[in-house]
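# Examination of the molecular architecture
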Amino acid sequence: MSRGALTHPVDGRFGAFGGQYVPETLMSALQELEDMWHEAKADPQFQLELAGHRRAFIGRPTPLYAATRIGDHFGGTHIHFKREDLCHTGAHKLNNAVGQALLALRMGKKRIIAETGAGQHGVATATVCARFGIRDWVTNVRTTHYIIGSVVGPHPYPEMVRDLQRVIGDEAREQYMSLDGKLPDVVVACVGGGSNAIGIFTAFLDDRDVSLVGVEAAGKGIRSGEHAASLVGGRPGVLHGSYSYVLQDGDGQILPTHSISAGLDYPGVGPEHAFLREIERVEYVAVSDKDALAAFKLCTRLEGIIPALEPSHAIHHAGVIARELGPGGRILVCLSGRGDKDMDSIPTKSEAEAVTSRGPLDVDEG
Ligand SMILES: *Cc1c(COP(=O)(O)O)cnc(C)c1O
């Protein structure tokens, strides 16, 4: 299948998923956004401006880092981290926020609104508002642009946010190839709404020998019901204007979610992930709070890098894959953000002793 067929939504859909389930009053704003995004995307001037902000404000390209001590710990695997934790404000979210802020300026919308659960997207949005002089958070559709923080929401958001985050994978693929001319066996990324995962996966979709694995939050275990794994533990449904996988009860009511990481604690997932799962291009798994916490500590101790709790889920699963691949396996992990923000969520030593950690190589199947 060509890249175009895989990644270009038809009528705002990825297969059956996506669409625009919004009130009539928002339809013209979404149409305007779609038109303006396609126009901006094709405009070399816009791309040049975006590239400049990526370099000087966000700090791109972010490094590709050889995590050799973790690789040795996992049995002699080549593990590389794409260091989105080194982006300004500490996570990949700014890649999207900067692009949408530039688009809002181009559209003459001086007011920016956002919703945020994890806080990281709020930080990224406030940052671009400061940088580009956009201060009011109001709900006037004519003058306001709504910055969605992930590849979720009605069309064109999932496609637009994907286009803005794919820089992660475009850079990582080139950096990885320049090491020894080979691609990784597996690319692993955590999935909340799914933007860092889509961001790194997109560049590898046509590389059929590269396995792609998305890691959701199993929280206290899938069977406990206290998790945030929409693809692993949910069903198709409509949430936030889009048809995708949703954590819902028998009546279609959205279920409460749980994850130790705020960024993964979301009852839905981007529609492109639902599609990539359906066509079996990407495998989705879930990792528990406990295992993510152990990986957080392992990475901090062995590499001197404090990962956010979100990508700690992906690091744990990299250990699982390493065991399957055996020595010499090649794994690329998207390190979506840094963990300073999470220090308060980490149990103290005495709290931790009350929890029996089973170590980073153990799999929690729920
Ligand atoms: C917000 C966030 C996530 C989850 O969002 P996605 O859209 O799934 O990428 C993951 N990691 C970090 C560090 C985050 O801040």
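Scroll up for the structure.
The structure presented is a predicted model; accordingly, all values stated were derived computationally and were not measured.

Once that is clear, we can look at the overall build of the protein. Counting its regular elements, the protein contains 14 helices and twelve strands. Across the 366 residues in the protein, those meeting the buried criterion constitute 57%. Across the protein, the fraction of contacts at a sequence separation of at least 24, relative to all contacts at a separation of at least 6, is 75%. With the model as given, the accessible surface of the protein reaches about 15,000 Å², and the carbon-plus-sulfur share is 51%.

The next point concerns the environment of valine 161. Along the chain, valine 161 falls in helix α7 (residues 157-165). Residue class for valine 161 comes out buried when judged on its relative accessible area of 0%.

Glancing now at the side chain of serine 336. Looking at where serine 336 falls in the secondary structure, it is placed in the loop between β12 (330-335) and α14 (349-354). Discounting residues that sit within four places of it in the chain, serine 336 has contacts with Glu84, Asp85, Gly90, Ala91, His92, Cys190, Asn196, Glu310 and Pro311.

The local shell around the ligand holds 17 residues, among which Lys93, Ser150, Gly194, Ser195 and Ser336 are the closest. The contact in question runs from an oxygen atom of the ligand to an N or O atom on the side chain of lysine 93, over 2.7 Å. Asparagine 196 is positioned such that a nitrogen or oxygen atom in its side chain is 2.8 Å from an oxygen atom of the ligand. Within the complex, 98% of the 380 Å² of free accessible area of the ligand lies under protein. Summarising the domain contributions, the shell around the ligand has at least three residues from each of domain 1 (14-57 + 92-163) and domain 2 (61-90 + 167-356).

Once that is clear, we can look at the pattern of salt bridges. Taken as a whole and assessed by the stated rule, the structure comprises 17 salt bridges. For lysine 109, the salt bridge is made with glutamate 32, and the minimal N-O distance between the two is 3.3 Å. Here lysine 109, found in the loop between α5 (93-106) and β5 (111-113), pairs with glutamate 32, found in helix α2 (residues 24-41); they are 77 residues apart in sequence, far enough to count as distant. Judged by its relative accessible area of 33%, glutamate 32 falls in the partly exposed class. A salt bridge links lysine 341 to aspartate 342; the nearest nitrogen and oxygen atoms lie 2.8 Å apart.

This part covers the packing of α2 against α7. With their axes 10 Å apart at the nearest point, α2 and α7 run at an angle of 25° to one another. Taken together, the axes of α2 and α7 lie roughly parallel to each other. Helix-helix and strand crossings are classified by hand; for α2 and α7 the assignment is left-handed. Mapping the contact onto sequence places Leu30, Leu33, Trp37, His38 and Lys41 in α2 and Tyr157, Glu159, Met160, Asp163 and Leu164 in α7. Among the residues forming the contact of α2 with α7, the class breakdown is six nonpolar, one polar and three charged.

What the six strands build is an open sheet, ordered β3-β4-β12-β7-β8-β11; its pairing is mixed. Whereas interior strands pair on both sides, the edge strands pair on one side only; in this sheet they are β3 (64-66) and β11 (282-288). Across the sheet, the mean angle separating the axes of adjacent strands is 25° when strand polarity is ignored. Strand direction decides the pairing type here: strand β4 (residues 78-83) and β12, joined by six bridges, are parallel. Each bridged residue has a counterpart across the sheet, and for phenylalanine 81 the counterpart in β12 is valine 333.

So, on to the pairing of strand β7 (residues 186-190). Among the five residues that make up β7, five are buried, leaving the element largely enclosed by the rest of the structure. For the crossover that starts at β7, traverses helix α9 (residues 195-201) and ends in the parallel strand β8 (residues 211-219), the hand is right-handed. Pairing of β7 with β12 involves three bridges; the strand directions are parallel. What sits directly across from valine 187, in β12, is leucine 332.

Residues Leu94, Val98, Leu103, Val128, Phe132 and Met160 are the most contacted members of the largest nonpolar core, which totals 32 residues. If one sorts the elements of this core by residue count, α5 sits on top with seven residues. Split by domain, this core shows at least three residues from each of two domains, domain 1 (14-57 + 92-163) and domain 2 (61-90 + 167-356). Every residue in contact with valine 128, bar those within four places of it in the chain, is listed here: Leu94, Ala97, Val98, Ala101, Gly133 and Ile147.

Between arginine 60 and proline 61 the backbone carries a cis peptide bond, its omega angle lying at -5°. Of note, the amide linkage connecting histidine 155 to proline 156 takes the cis form, showing an omega dihedral of 10°. Structurally, the position occupied by proline 156 is in the loop between β6 (144-146) and α7. If you check the backbone angles, threonine 89 has positive phi at about 70° while not being a glycine. Even without being glycine, histidine 240 reaches a positive phi, approximately 50°. On the secondary structure map, histidine 240 appears in the loop between β9 (235-239) and β10 (242-246).

Conventions adopted
- Residues numbered from 1 in each chain as written.
- Predicted model: local features only at pLDDT ≥ 70, side-chain atom pairs only at ≥ 80, totals over all residues.
- Heavy atoms only, no water.
- Helix = DSSP H or I, 4+ residues; strand = E, 2+ residues; numbered from the N terminus.
- Buried < 20%, exposed > 50% of the residue type's maximum accessible area, 1.4 Å probe, protein only.
- Contact = heavy atoms within 4.5 Å.
- Areas by Shrake-Rupley, 256 points an atom, 1.4 Å probe, with all protein chains shown as cover.
- Near = heavy atom within 4 Å.
- Polar contact = N/O pair within 3.5 Å; in protein donor to acceptor, adjacent residues only side chain to side chain.
- Domains from an automatic or database assignment.
- Salt bridge = Lys/Arg side-chain N within 4 Å of Asp/Glu carboxyl O.
- Axes fitted to C-alpha atoms, helices over the stretch in contact; angles between N-to-C directions.
- Parallel < 35°, antiparallel > 145°, perpendicular 65-115°, else oblique.
- Left-handed = near helix turned anticlockwise from the far one by under 90°.
- Nonpolar A, V, L, I, M, F, W, Y, C, P; charged D, E, K, R; others polar.
- Pairing = 2+ DSSP bridges.
- Right-handed = clockwise from strand over helix to strand, strands pointing away.
- Core = buried A, V, L, I, M, F, W, Y, C linked by side-chain atoms within 4.5 Å.

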